[in-house]
Amino acid sequence: MLKVRVIPTLLWKQVGLVKGVGFDSWRRVGPVLPAVKVYNQREVDELILVDIIAHQSSDELDIESIDDFSQDCFVPFTVGGGITRIEQVQKLLRAGADKVCVNTAAYSNPELLSEIAKRHGTQCLVASIDVRKDSLGAGWQCFSHAGKMPTGREIISWAREIEDRGAGEILITSIERDGTFQGYDLALIEAVVRAVGVPVIASGGAGNYQHMVDAVKQAGASAVAAASIFHFTEQTPAGAKAAMQAAGIPVRSNFIGNGRIT
Amino acid sequence: MRVGVIDYGVGNLGSVVRALEELRVKPILITRAIDMHTVDSFIMPGVGSFSDCAKLLGDGGWIQALRQEVLVESKPLLGICLGMQLLATTSIEGVADNTSNGLAGLNFIPGRVESLRSLGCNLRVPHVGWNEVTSNTSVNGTFDGIPDGTDFYFVHSYAFVPDNPTHVVATTVYDIPVTAAVRCGHIWGTQFHPEKSSRAGFQLLRNFIENPTC
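Since this is a predicted model, take the numbers as computed values, not measurements. (Residues numbered from 1 in each chain as written. Chains lettered and ligands numbered in written order. Predicted model: local features only at pLDDT ≥ 70, side-chain atom pairs only at ≥ 80, totals over all residues.)

A. Main features of the overall build of chain B. Regarding its fold elements, chain B presents five helices and 13 strands. A compact globule built from 214 residues should have a C-alpha radius of gyration of about 17 Å, and chain B, at 16 Å, falls within 12% of that. Viewed in the frame of its principal axes, chain B has a C-alpha envelope of about 45 × 40 × 30 Å. Across the 214 residues of chain B, 55% fall into the buried class. In chain B, 68% of the contacts between residues at least 6 apart in sequence involve partners at least 24 apart. (Helix = DSSP H or I, 4+ residues; strand = E, 2+ residues; numbered from the N terminus. Rg over C-alpha atoms; globule rule 2.2 N^0.38 Å. Buried ≥ 20, exposed ≤ 12 C-beta atoms within 10 Å, placed from the backbone. Contact = placed C-beta atoms within 7 Å.)

Listed below in structure tokens is the structure:
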């Protein structure tokens, strides 16, 4: 049976990892490399690393750093932030990324998604969507540039479009819930899960293990991503998986060699 | 044993090379088909669409070289994910209708590549994540040291259906039984990504490198 993944999200800003609240008030968390190393040693299911300021500059992506970070990563590694051109994708894959995550550039150039999917396959493309609740209270609106800029796109139609263009997974983040520990926006996750046929990764707001259970059981998420809960509390991906398993959700057991699994 | 990683322009090469280095193997990146004779065995990664990869293999002269090295010289080959699907006779990926016979693969392990949907899978596609793999116990070697039920990392929308069921050495279940690994003597293929399956993946890579023809 396919296992539900618990995915730590690493937000990378200049020299280190950060984490904010509502995509703002960034706190320093520490350097990237040891974080990747520790998560790898603990056999997390997957890692997502996003350069949250790459979209602000026209410089080339920092491929060298990605190369360093992936040195010790033997679980799936999704890398995002500042991807605007197809050529960047092969560079990231050569540097050690397994999938790429595209957000801001997709709004101005949706064709980029189609190109990546055609060249590298849908399984290589994670489309990330950041949303806020619509001011009228009906639905959610999409924001680009790390949550700063309204795009005028409504979540459901946008999710369907990026699926049609070949996104293999959708990472959906509630900006309002981000860093609040109040739990995922279950109505949002469920709306996206119903709208598309690809796996949906819930993000934004996890504060305890039960929130993760709810995202899967109530909203139908295929995976749960979280950052603050792992950076700022004692809770761990392994703890999350144990809690999910206790709630009847299939999770991955770790392989320790010598013919044993735990 | 010199292990070559075939670099035909696509694929998560970085990850494959890192995983081999972790096993104390110094892989040699093979960027030209004419250099294939310099190594003893091959790993063929693959990320992308079957049609694009098949075209890259053809354009780069890889198909002739692979036939010579793998079929004539009997050098071991491990295809990963799309690299495994390229071992098939044909694939329907990217083929607009069912009237066509599909796109040609290497035909090293006869069979077809079909979409998970057309095979009857009604769950979310792509099939992404860690799933349990059960090996066919009558086949030695491939899964040595790896107990049944071990999770490996999958990410794919198409699946390989070999003509000869004995070529399927492991399966997983995603609504339907899905080929997880194939084997025809020294030719190996895995639908999952051993290079991204942590320690279980290392064990499988070790089995291939240490004993590919058992």
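From this point, things continue past the structure.
B. Highlighting the sheet that holds strand 7 (residues 111-115) of chain B. Residues and elements named next belong to chain B. Pairing within the open sheet is mixed, and its four strands lie in the order 6-5-7-10. This sheet does not close on itself; its edge strands, each paired only once, are strand 6 (103-104) and strand 10 (158-162). Of the pairings in the sheet, the one linking strand 7 to strand 10 comprises five bridges and is antiparallel in character. Its bridge partner being in strand 10, glycine 111 is matched across the sheet by proline 162. (Pairing = 2+ DSSP bridges.)

C. How the structure looks around the nonpolar core. Counting residues in hydrophobic clusters, the biggest one holds 156 residues, and the most contacted among them are Leu47, Val100, Ile170, Ile189, Ala202, Ala221 and Val224 of chain A. Aside from chain neighbours lying at most four places away, what touches alanine 221 of chain A is Ile189, Val193, Val200, Ile201, Ala202, Ala215 and Val216 of chain A. (Core = buried A, V, L, I, M, F, W, Y, C linked by C-beta atoms within 7 Å.)

D. Expanded view of the confidence of the model for chain B. For chain B, per-residue confidence averages 92 on the pLDDT scale, and residues scoring 70 or more make up 96% of the total. Per the prediction output, this complex has pTM 0.94; the corresponding ipTM is 0.93. (pLDDT = per-residue confidence, 0-100.)

E. Seen up close, the pairing of strand 12 (residues 223-226) of chain A. Residue and element names in this part refer to chain A. Here strand 12 shows a buried face lined by Ala223 and Ala225 and a second buried face lined by Val224 and Ala226. Pairing between strand 1 (residues 5-13) and strand 12: four bridges, direction parallel. Residue isoleucine 7 lies in a different strand from strand 12, and its bridge partner there is alanine 225. Sheet analysis places strand 11 (residues 200-203) next to strand 12, joined by two bridges and oriented parallel. In the sheet register, alanine 202 faces strand 12, and the bridge partner there is valine 224. In this view, the connection linking strand 11 to its parallel neighbour strand 12 by way of helix 8 (residues 209-217) has right-handed handedness. (Right-handed = clockwise from strand over helix to strand, strands pointing away.)

F. Seen up close, the sheet that holds strand 9 (residues 150-156) of chain B. All names here are of chain B. Strand order in the open sheet formed by nine strands is 2-1-3-4-13-12-11-8-9, with mixed pairing between adjacent strands. This sheet does not close on itself; its edge strands, each paired only once, are strand 2 (28-30) and strand 9. On average, adjacent strands in this sheet sit at an angle of 30° to one another, irrespective of strand direction. Relative to strand 12 (residues 176-184), strand 11 (residues 168-174) runs antiparallel, the two sharing six bridges. Pairing of alanine 170 across the sheet is with alanine 181, part of strand 12. Each of strand 1 (3-6), strand 4 (77-80), strand 9 and strand 13 (187-190) is contacted by helix 5 (residues 198-210), which is oriented at about 90° to strand 9, the strand it contacts most. (Axes fitted to C-alpha atoms, helices over the stretch in contact; angles between N-to-C directions.)

G. Inspection of the interface of chain B and chain A at higher detail. Across the boundary between the two partners, chain B contributes 38 residues, which contact 38 residues of chain A. Put simply, the parts of the chain that give the side of chain B that touches chain A at least two residues each are helix 1 (13-22), strand 8 (127-135), strand 9, strand 11 and helix 5 of chain B. Here the residues of the side of chain B that touches chain A sort into 14 nonpolar, 16 polar and eight charged. (Nonpolar A, V, L, I, M, F, W, Y, C, P; charged D, E, K, R; others polar.)

H. Main features of the environment of alanine 240 of chain A. All names here are of chain A. One can find alanine 240 in helix 10 (residues 237-246). As a C-alpha pair, alanine 240 and valine 251 span 11 residues in sequence and 9.7 Å in three-dimensional space. Aside from chain neighbours lying at most four places away, what touches alanine 240 is Val6, Tyr209, Met212 and Gln235.

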